[in-house]
Amino acid sequence: MLGERSLGRLIRDKGRKGRRGYTLPKPDVDKTDLEQVLPQKSLRKEKPGLPEVDEPTAIRHYTNLSRKNWGIDTNFYPLGSCTMKHNPRANEAAAAVPGFASLHPLQPEKGAQGALRVMHELQGFLSEVSGLPAVSLQPMAGAQGELTSILMVKRYFEDAGDEGRTTVLVPSTAHGTNPATASMADFKSVEVGLDEHGCVDVDELRALVDETTAALMITNPNTCGVYERNIAKIAEVLHEKGAFLYMDGANMNANLGRMRPADAAVDIMHFNLHKTFSTPHGGGGPGSGAIACSEVLAPFRPDPVVEKEGELYRFVCPEKTIGRMSTFHGNFGVVLKAWNYIKMHGPELRDVTDMAVLNANYVRARLRGAYRIPYDELCKHEVVVQPPKGKKALDIAKGLIDHGYHPPTVYFPLVVKEAMLIEPTETESKETLDDFVGAMLELAESGQEELEEAPTQAPTRRLDETRAARQLKARW
Amino acid sequence: MARFTPHTEADIQEMLEAIGVETLDDLFADVSPKFEDPLDLSPTLSEYEALRDVEARAGENVSGMPIFLGAGAYDRITPSSIGAIISRGEFLTSYTPYQPEVSQGHLQAIFEFQSVISELTGLDVANASVYEGANAVAEAALMTARLTKRDPKVAVSAGLNPRYREVVETYGVEVVELPFDGGTTDFAAVPDDVSGVFVQSPNFFGVVEDIEAASEAAHVVDALCVAVCDPISLSVLEAPGNLGADIAVGEAQPLGMPLLFGGPYAGYMATHEKFVRQLPGRIAGETVDQDGKLAYVLTLRGREQDIRRAKANSNICTNQAVTALAATVYAALMGPEGLREVAELSISKAHYLADRLQDAGLKLSYPEAPFLWEFAVEMPDVDRVNDALLHNSIVGGLDLGDGTMLVAVTEKRTREELDALVEVVANAG
């Protein structure tokens, strides 16, 4: 039955042997006989089972697929900790300029001065926003920015001959990538609990930090949307024992021009250029996880960084580098878009943060009463709420889909039961927020049966996720 | 007011009132230490002014010339349809498909990407992509350690792109070097404690390697064989899965992604189904919804960081969904025949160029080795030759620093361009 229904569904099923979707230039040299120049046994015997479709069919297929997908362009998308703000099309226009789009990464520096200058300027912008003097644009996603940072910390201690640093501390509110990163860098991750405000418990931290501690990975504001008000104290506790304070910059949209990590003695941090600086998320990538750090950690940055020598921009390998994190120079296209976005804002970046924080607090104020708000004090760019008792976050989330809203992040942070993490971002109007709140209030009152049915208006109903895992089918 | 924010002063006042504070500053009462100066950034620009700057910077790059650089990124033809599809807002402005009911577009596209990679590599299952080629190689190295329960230690030769090797080392994997002679790797003496044996084919110097020999050598010491393959080459070369490779990885950039100074590209990874739990990254799988309708969803999530945290098999969160989509659309438009034609055109042109260079008295570094579209050629002063080429509006090959130039030829190069290169090289040499 499934087979019948699926007929014609995948691109491969829409083709016919012999159809082609693209015409290549005619050969202008003699054809090389592969059997003459390659070993017989290296030649492919059976051709790969790829689609054989014409261009109109391909365009229609993927256009129709796109219509089964929601993006910021189509729907309000208040996904907490992901900063789904409007993606200005000027960014896309910048990356399409042929002088960049067709630039080979191994082009000698003198033939790529424009690209190096963009990188150098963005390094400067990120330095200004963070207050940290040194930047690397190599990491290709937030998680890789985390790994880069923790590897730099590790290499610092190796270089200093300090061999006993085996532990990385991670608050219980942390993104899953934080402990996973610590493991990947061969550290043991140890969880730190929270105080009554949802912030790192400084007393507990003090008890945990010792000469085996390499770093604390803090997110500020944290994943409850609460500002870590003791961050400077936390840095002090770590520094007293020679450990570093790393800041996960996923939530930098709450800090621009209002708080500089360096002022709180943060040693190293990563940015998510695809979140804070509006380069699109693209359905889960590409991103960029650029890092910024103190002078002490600067020599350990990945290879290469861009420096200006006289009038020339050059790639330079930091003295004690951890090595490369990517084949070339990170996700340059994303770097270019973030550079463009920052230039369109300049010092007005602070307004971005102000409006993002205004919107989140407005949603918090409007939902109060109907939803439980575990940390009902000033929030920053996002707010965590809980459904009325007896209702599930998942059901409310699916119900929101029927109202035309992408659900918030649910069941995260883990420390809040039935968490719904709402991040409206600065690019949404009051009307949109009011309508969203209206839907939320309605869902809070909805009957359980009705909620469990949702969604009924989306391209599919709820899915059988167990089946997908038990009877794995991950290809045609 | 922020550029892309709709609020009027009246909106702001109403919202502040609803919140119960008086000023925007009050919203940051809990922030300490505060930053109170204006950010020292370049002045705010309009879109028009910003894009004028983009054009000015682009003008400082060398562009619009034939390119003979390869070494991991290739100047290939990209069909216009790809841009039209990947710039659709529904794809471009969405997030990781955590809510499958409203993400079926990306989920099916990922499923199709996985299918394309599985078909090309001859392996059961592929992931949704990782950041790029070097990271796919590094993740594969870590994967071999988990699967063999050995310390991460891999055998590679000079045939592996040196930058891939550097990333593998950054990821904390020990690397042992295999002998490399005459353009190919000697797999006869693989140490018995390695977790993986890597074979890149075509290798860094463009030469086709013996993946079967690498697999046999790996399996003798109970290690796994990882093949690193250019996906275009798999239209003409035997699938690594049919040659005994346990894992195939590589750079998907040649499948329709612009050069864009090194990224974003996409790394691909494929393996046997029995190893799938150690495959990092997202995987889309087929299932049904509650009405029995076929649909797709992210699956085997127990491998991943947001579920398993410190015990996840990698910290990877995002894949490269949009660039992987570009690769999928490319593969669909080309089909098996088109992909083969791309490979054959490139091979024919590269061999034409190699022959002409040899006619002009130059020597290939590995004259006996079978190559596809990239080859190393001896040149005492590569720098001078490249300057002369640039003077003639040609971007020359990669200076390997040992008196050789690595030259890549794609289907984009015309005979006229190839002849022009030979002429300049012959005169400058």
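Residues take numbers from 1 onward in each chain, read along the sequence in its written order. Here every chain gets a letter starting at A, and every ligand a number starting at 1, in the order they are written. Where totals are concerned, whole chains, interfaces and linings use all residues; where local detail is concerned, this predicted model gives features only for residues with pLDDT of at least 70, and gives and counts side-chain atom pairs only at 80 or more.

Quick look at the overall build of chain B
Applied cut-off: Helix and strand definitions here come from DSSP, where helices need a minimum of 4 consecutive H or I residues and strands a minimum of 2 consecutive E residues; each element is numbered from the N-terminal end. Any residue with 12 or fewer other C-beta atoms within 10 Å of its own C-beta is exposed, any with 20 or more is buried, and the rest are partly exposed; the C-beta atoms used are placed from the backbone.
Scanning chain B for helices and strands turns up 12 helices and 14 strands. Expressed as a percentage of its 429 residues, the buried residues of chain B come to 64%.

Considering the overall build of chain A
So the rule is basically this: To get the radius of gyration, use the C-alpha atoms; to get the globule rule, take the number of residues to the power 0.38 and multiply by 2.2 Å.
Looking only at helices and strands, chain A has 17 helices and 12 strands in total. For chain A, whose C-alpha radius of gyration is 25 Å, the value lies close to the compact-globule estimate of 23 Å for 476 residues. Oriented by its inertia axes, the alpha-carbon framework of chain A measures out at about 75 × 65 × 45 Å. In chain A, which comprises 476 residues, the share counted as buried stands at 61%.

So, the interface of chain B and chain A
Our working definition: Two residues form a contact once the distance between their C-beta atoms, set from the backbone, is within 7 Å. When residues are grouped by polarity, Ala, Val, Leu, Ile, Met, Phe, Trp, Tyr, Cys and Pro land in nonpolar, Asp, Glu, Lys and Arg in charged, and all others, Gly among them, in polar.
Contact residues are listed per partner, giving 169 residues for chain B and 172 residues for chain A. It is helix H10 (residues 321-359) of chain B that contributes the most residues to the side of chain B that touches chain A, 22 residues altogether. For the side of chain B that touches chain A, a count of residues per class yields 86 nonpolar, 49 polar and 34 charged.

Side note on the sheet that holds strand E10 (residues 383-385) of chain A
As a reminder, the rule being used: Whether two strands pair depends on DSSP finding at least two bridges between them.
Overall, antiparallel pairing links the 3 strands, which are arranged E10-E12-E11 (chain A) in an open sheet. The open sheet has two edge strands, E10 and strand E11 (409-410) of chain A, and neither has a second partner.

Quick word on the packing of helix H7 (residues 142-159) of chain A against helix H8 (residues 177-184) of chain A
Residues and elements named next belong to chain A. To be explicit about the condition: Axis definition: a line fitted to C-alpha atoms, limited for helices to the stretch in contact. Angles are taken between N-to-C directions and run from 0 to 180 degrees. The scheme is simple: roughly parallel for angles under 35 degrees, roughly antiparallel for over 145, roughly perpendicular for 65 to 115, oblique for anything else. By convention the crossing between two helices is left-handed if the near helix lies anticlockwise of the far one by an angle smaller than a right angle, and right-handed if it lies clockwise.
Where H7 contacts H8, the two axes come as close as 9 Å, and the packing angle between them is 45 degrees. Between H7 and H8, the interaxial angle falls into the category oblique. Regarding H7 and H8, the two cross each other, and that crossing is right-handed. In contact with Gly142, Ala143, Glu146, Leu147 and Ile150 of H7, H8 contributes Thr177, Asn178, Thr181, Ala182 and Met184.

Notes on the pairing of strand E8 (residues 247-251) of chain B
The side chains of a regular strand alternate, residue by residue, between the two faces of the sheet. Residue and element names in this part refer to chain B. Burial analysis of E8 places 5 of its 5 residues in the buried class, the great majority of the element. Alternating positions in E8 separate into two faces, Ile247, Val249 and Glu251 on one and Ala248 and Gly250 on the other, with burial throughout. Pairing of strand E7 (residues 224-228) with E8, which is carried by 3 bridges, proceeds in the parallel orientation. In the sheet register, Ala227 faces E8, and the bridge partner there is Ala248. Across 5 bridges, E8 lies against strand E9 (residues 267-271) in antiparallel orientation. Bridge assignment links Glu251 to a residue of E9, and that residue is Gly267.

Here's the deal with the domain arrangement of chain B
Quite often, the size of an interface is put as the accessible area lost when its parts meet. All names here are of chain B. For clarity, the cut-off: Residue ranges for the domains trace back to a domain assignment, done automatically or taken from a database.
The domain architecture assigned to chain B consists of domain 1 (80-328) and domain 2 (336-428). Between the C-alpha centres of domain 1 and domain 2 there is a distance of 29 Å. With 12 residues of domain 1 in contact, the opposing surface of domain 2 contributes 18 residues. Taken together, the residues that form the side of domain 1 that touches domain 2 break down as 6 nonpolar, 6 polar and no charged.

A few points about helix H15 (residues 430-445) of chain A
Residues and elements named next belong to chain A. Counted only if it meets this: In this scheme, a helix's expected span is set at 1.5 Å multiplied by one less than its residue total. Here, the arc refers to the directions that run from the helix axis to the C-beta atoms.
Between its first and last C-alpha atoms H15 spans 23 Å; for 16 residues at 1.5 Å apiece the expected length is 22 Å, and the two agree. Looking at H15, one finds that the buried residues are Leu433, Phe436, Met440 and Leu443. Looking straight down H15, one finds that the buried residues subtend no more than 85 degrees of arc, so they occupy a single side. Every exposed residue of H15 that faces more than 90 degrees away from the buried side is listed here: Glu431, Gly438, Glu442 and Glu445. Considering only its buried residues, H15 is in contact with helix H13 (349-367), helix H14 (393-402) and helix H16 (448-453).

Digging into the sheet that holds strand E4 (residues 213-219) of chain A
Residue and element names in this part refer to chain A. Here we have 7 strands laid out as an open sheet, ordered E1-E7-E6-E5-E4-E2-E3, and mixed in their pairing. Two strands bound the open sheet, and with one partner strand each, they are strand E1 (134-136) and strand E3 (188-192). Here the strands of the sheet are splayed against their neighbours by 25 degrees on average, with no regard to which way each runs. As judged from the 5 bridges shared by strand E2 (residues 167-171) and E3, these two strands associate in the parallel manner. Across the sheet, the residue bridging to Val170 is Glu191, located in E3.

Re the packing of helix H12 (residues 332-345) of chain A against helix H2 (residues 47-59) of chain B
One can describe the packing of H12 of chain A onto H2 of chain B by two numbers: an axis separation of 9 Å at closest approach and a directional angle of 140 degrees. When the axis of H12 of chain A is compared with that of H2 of chain B, the two are oblique. Between H12 of chain A and H2 of chain B lies a crossing whose hand is right-handed. Only Glu47, Ala50, Asp53 and Val54 of chain B of H2 of chain B make contact with H12 of chain A, whose side of the interface consists of Asn340, Lys343 and Met344 of chain A. The class makeup of the residues in the contact of H12 of chain A with H2 of chain B is 3 nonpolar, 1 polar and 3 charged.

Some points on unusual backbone geometry
The omega torsion of the bond from Asp303 of chain A to Pro304 of chain A falls at -5 degrees, within 30 degrees of zero and hence cis. Its place among the elements puts Pro304 of chain A in the loop between strand E7 (291-293) and strand E8 (305-309). Here the amide bond leading from Ser32 of chain B into Pro33 of chain B is cis, since omega sits at -5 degrees, within 30 degrees of zero. Among the structural elements, Pro33 of chain B can be located in the loop between helix H1 (9-19) and H2. Even without being glycine, Arg309 of chain B reaches a positive phi, approximately 50 degrees. Along the chain, Arg309 of chain B turns up in the loop between helix H9 (305-308) and H10.

Considering the environment of Arg364 of chain A
Residues and elements named next belong to chain A. Among the structural elements, Arg364 can be located in helix H13. Arg364 sits in the buried class, given 24 other C-beta atoms within 10 Å. Taking the C-alpha atoms as reference points, Arg364 and Leu137, separated by 227 residues in sequence, lie 35 Å from one another. With sequence-adjacent residues up to four places away left out, Arg364 is seen in contact with Ile373, Cys379 and Val383.

A closer look at the nonpolar core
Put simply, the rule reads: Defined on buried residues, the nonpolar core groups Ala, Val, Leu, Ile, Met, Phe, Trp, Tyr and Cys residues joined through C-beta atoms within 7 Å.
Ranked by size, the top nonpolar core spans 307 residues in total, and within it Ala215, Leu245, Tyr246 and Val335 of chain A together with Val137 and Val197 of chain B carry the most contacts. Both domains that meet at this core, namely domain 1 (80-328) and domain 2 (336-428) of chain B, each give it at least three residues. Each residue touching Tyr246 of chain A, except ones within four places of it in the same chain, is listed here: Ser149, Ile150, Val153, Ala215, Leu216, Met217, Asp267, Ile268 and Met269 of chain A.

Considerations on the environment of Lys17 of chain A
Mapped onto the elements, Lys17 of chain A comes out in the loop between helix H1 (2-6) and helix H2 (34-37). Sequence separation between Lys17 of chain A and Thr223 of chain A is 206 residues, and the spatial gap between their C-alpha atoms is 52 Å.

Notes on helix H12 (residues 415-428) of chain B
All names here are of chain B. Taking 1.5 Å of rise per residue, the 14 residues of H12 would be expected to cover 20 Å, and the 20 Å separating its terminal C-alpha atoms lies within 8% of that figure. All of the buried residues along H12 are Glu417, Leu418, Leu421, Val424 and Val425. One face of H12 carries all of its buried residues, which in axial projection span an arc of 130 degrees. Of the exposed residues in H12, the ones pointing more than 90 degrees away from its buried face are Glu416 and Asn427.

Here we look at the pairing of E9 of chain B
For E9 of chain B, a buried count of 5 out of 5 residues is recorded, marking the element as mostly surrounded by other parts of the structure. Here E9 of chain B shows no split at all, with Gly267, Met269 and Thr271 of chain B on one side and Tyr268 and Ala270 of chain B on the other all buried.

Let's talk about the confidence of the model for chain A
Caution applies to low-pLDDT regions: their predicted coordinates should not be interpreted in detail. For the record, the criterion: Residue-level confidence of the predictor, termed pLDDT, takes values from 0 up to 100.
Per-residue pLDDT for chain A has a mean of 96; in total, 98% of the residues score no lower than 70. A low-confidence stretch, residues 1-7 of chain A stays under pLDDT 50, and its non-local contacts, those more than four residues away or across chains, total 4 contacts.

Section: the confidence of the model for chain B
Overall, the predicted model of chain B reaches an average pLDDT of 96, with 99% of residues at or above 70. Prediction confidence for the complex, expressed as pTM and ipTM, is 0.97 and 0.97 respectively.

Side note on the environment of Val329 of chain B
Topologically, Val329 of chain B is positioned in helix H10. Residue Val329 of chain B is classed as buried on the basis of its 29 C-beta neighbours within 10 Å. Counting along the chain gives 82 residues from Val329 of chain B to Ile247 of chain B, while the straight-line C-alpha distance between them is 24 Å. What Val329 of chain B contacts, discounting residues up to four positions off in sequence, is Ala58 and Tyr62 of chain A together with Ser81, Ile82, Ile85 and Gly256 of chain B.

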